[in-house]
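Okay, here's what each chain looks like letter by letter:
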Amino acid sequence: MSTPVPILLYHSMADDVAPKFRPWAISPKQFATHMAYLHDRNYTPLTVGQFVQIVSGNAGALPERPVVITFDDGLADFYTGAYPLLRAYGFPATLYIVSGFVGGESRWLAPDGEGNRPMMTWNQVAEICTSGIECGAHSVNHPQLDIIPTNKARDEIFRSKDILEQHLGRAVSTFAYPHGHHSPKVRQLVIDAGYASACAVKDAMSTTTDDIFALSRIVVYPEIGVDHLGKLLKGEGLRVTPPSEWIPTKILRLYRRLTAPAEGRV
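Just so we're clear, the structure is a prediction, and the values are computed from it rather than from any experiment.

Calculation criteria
- Residues numbered from 1 in each chain as written.
- Predicted model: local features only at pLDDT ≥ 70, side-chain atom pairs only at ≥ 80, totals over all residues.
- Heavy atoms only, no water.
- Helix = DSSP H or I, 4+ residues; strand = E, 2+ residues; numbered from the N terminus.
- Buried < 20%, exposed > 50% of the residue type's maximum accessible area, 1.4 Å probe, protein only.
- Pairing = 2+ DSSP bridges.
- Right-handed = clockwise from strand over helix to strand, strands pointing away.
- Axes fitted to C-alpha atoms, helices over the stretch in contact; angles between N-to-C directions.
- Parallel < 35°, antiparallel > 145°, perpendicular 65-115°, else oblique.
- Left-handed = near helix turned anticlockwise from the far one by under 90°.
- Contact = heavy atoms within 4.5 Å.
- Nonpolar A, V, L, I, M, F, W, Y, C, P; charged D, E, K, R; others polar.
- Polar contact = N/O pair within 3.5 Å; in protein donor to acceptor, adjacent residues only side chain to side chain.
- Disulfide = S-S within 2.5 Å.
- Salt bridge = Lys/Arg side-chain N within 4 Å of Asp/Glu carboxyl O.
- Expected span 1.5 Å × (residues − 1).
- Phe/Tyr/Trp six-rings, centres within 6.5 Å; stacked < 30°, edge-to-face > 60°.
- Lys NZ or Arg CZ within 6 Å of the ring centre and 35° of its normal.

Visitor: Mind showing me how you'd approach unusual backbone geometry here?
Guide: Backbone phi values are negative for most residues with the exception of glycine, while trans is the configuration of most peptide bonds. In this structure, N42 is a non-glycine residue whose phi angle is positive, near 60°. On the secondary structure map, N42 appears in the loop between α1 (28-40) and β5 (44-46). Located in the positive-phi region is D203, a residue other than glycine, with phi close to 50°.

This is how it looks when you write it as structure tokens:
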């Protein structure tokens, strides 16, 4: 029997951001209300790795009210805005890191007006990985992996794992597709690289029978208050992830391939 499980996706904890980046940032105060809500209603947060171990039959049963908390990118405001609250509540979480920009700035966000946003340092990444935060890979440069040449996608997937493992001295077992974009070919590259799981986006409820190499996540947008969050955690207004790709997803991938610069096409 399939059990629905919400996997939340956050990006940035900031009040002042460029207009084009606004959908991907929530205020630290708002994030605090979300974590308080989870705590007060007895949700049990899990990392992606813990969730996958459970659904794979390797680590007992799901808690009564599970929720998986994830963050993408590795921006410095995770360390200042999210990490202290997670530690205060004793909540584990998974942070997916764009390894090529650690210690620098988020240059891939330049089109959104946020190319100078500080990233976490390697010392900070090492610290959080010893304090209940699972560190996963989010590519080296944050490209759309499903429309770039296969050799470049392979390099982004394999090398991001290698970079993180060399700096952290521990295995990195989970990956998140930049922009959520993936394809059967990209999914297989993730498996070939030795990851045990991967996250997509989909804005859908995950389940215990979800594809562990394309886990569905729910983007937490800035307009989501605690009442709205409560509904999302119950799956209200959300699709349940399907066993295969939605047809619109395949159509959109074809469009992005056709409109990408010639050197970026597969």
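Visitor: Help me understand the pairing of strand β6 (residues 66-73) in this model?
Guide: Two faces, one strand: in a regular strand the side chains alternate between the faces of the sheet. Of all eight residues making up β6, eight are buried, and the element is well covered by its neighbours. Pairing geometry for strand β2 (residues 7-10) and β6, over four bridges, is parallel. By the bridge assignment, Y10 is partnered in β6 with F71. Bridge count between β5 and β6: three bridges; the pairing is parallel. When the sheet's bridge partners are listed, L46 is paired in β6 with V68. With respect to chirality, the unit in which β6 leads through helix α3 (residues 76-89) into the neighbouring parallel strand β7 (residues 93-97) is right-handed.

Visitor: In this structure, what is going on with the packing of helix α5 (residues 150-168) against helix α6 (residues 184-192)? I would like to understand it.
Guide: Packed helices, taken two at a time, are described by the angle between their axes plus the distance between the axes. Where α5 meets α6, the axes come as close as 9 Å, and the angle between the chain directions of the two elements is 40°. Classified by the angle their axes make, α5 and α6 are oblique. The way α5 lies across α6 gives a crossing that is right-handed. Across the interface between the two elements, T150, A153, R154, I157 and F158 of α5 pack against K185, V186, L189, V190 and D192 of α6. Looking at the contact of α5 with α6, its residues break down into six nonpolar, one polar and three charged.

Visitor: Before we go on, may I ask you to explain the side chain of H142 in this structure?
Guide: Relative to the helices and strands, H142 is located in the loop between β8 (133-137) and α5. Looking at H142, its side chain comes within polar contact range of the side chain of H179, at 3.3 Å.

Visitor: What am I meant to see in the state of the cysteines here?
Guide: Any covalent bond linking the sulfur atoms of two cysteines counts as a disulfide. Counting across every chain of the model gives one disulfide. Across a sulfur-sulfur distance of 2.1 Å, C129 and C135 are joined as a disulfide pair. Disulfide C129 to C135: torsion about the S-S bond roughly -135°, handedness left-handed. We classify C129 as buried; its relative accessible area is 7%.

Visitor: Help me understand the pattern of salt bridges in this model?
Guide: A side chain with one charge may pair with a side chain of the opposite charge, provided their charged atoms come close. Within this structure, the stated rule accounts for six salt bridges. Linking R217 and D72 is a salt bridge whose minimum nitrogen-to-oxygen distance equals 2.9 Å. With R217 in strand β12 (residues 215-219) and D72 in strand β6, the pair connects residues that are 145 residues apart, well separated along the chain. Beyond isolated ion pairs, a larger network of salt bridges with shared partners links D77, E114 and R117.

Visitor: Would you take a moment to explain α5 for this structure?
Guide: Think of an α-helix as 3.6 residues a turn; residues three or four steps apart then line up on the same face. Between its first and last C-alpha atoms α5 spans 27 Å; for 19 residues at 1.5 Å apiece the expected length is 27 Å, and the two agree. Considered for burial, the residues of α5 that qualify are A153, E156, I157, S160, K161, I163, L164 and L168. For α5, the elements touching its buried residues are β7, α4 (122-128), β8, β9 (174-176) and α6.

Visitor: Help me understand the packing of aromatic side chains in this model?
Guide: Each aromatic ring pair is described using two quantities: the centre-to-centre distance and the angle formed by the ring planes. The final tally for this structure, using the stated rule, is eleven aromatic pairs. Here the aromatic rings of Y10 and F71 are separated by 5.5 Å at their centres, their planes lie at 25°, and the arrangement is stacked. Placement of Y10 in strand β2 and of F71 in strand β6 is noted, with a sequence separation of 61 residues between them. By the burial criterion, Y10 is buried, and F71 matches it. Here F71 and F78 contribute two aromatic rings whose centre-to-centre distance is 4.8 Å and whose plane-to-plane angle is 70°, an arrangement assigned as edge-to-face. Each member of the pair, F71 as well as F78, carries the same accessibility label: buried. In textbook terms, an aromatic cluster arises when at least three aromatic residues are bridged by ring pairs, as seen for Y10, F31, F71, F78, Y79 and Y83. For R154, the ring lying beneath its charged end belongs to F158, and the centroid distance is 4.1 Å. The cationic tip of K161 hangs over the ring face of Y195; the distance from NZ or CZ to the ring centre is 5.7 Å.

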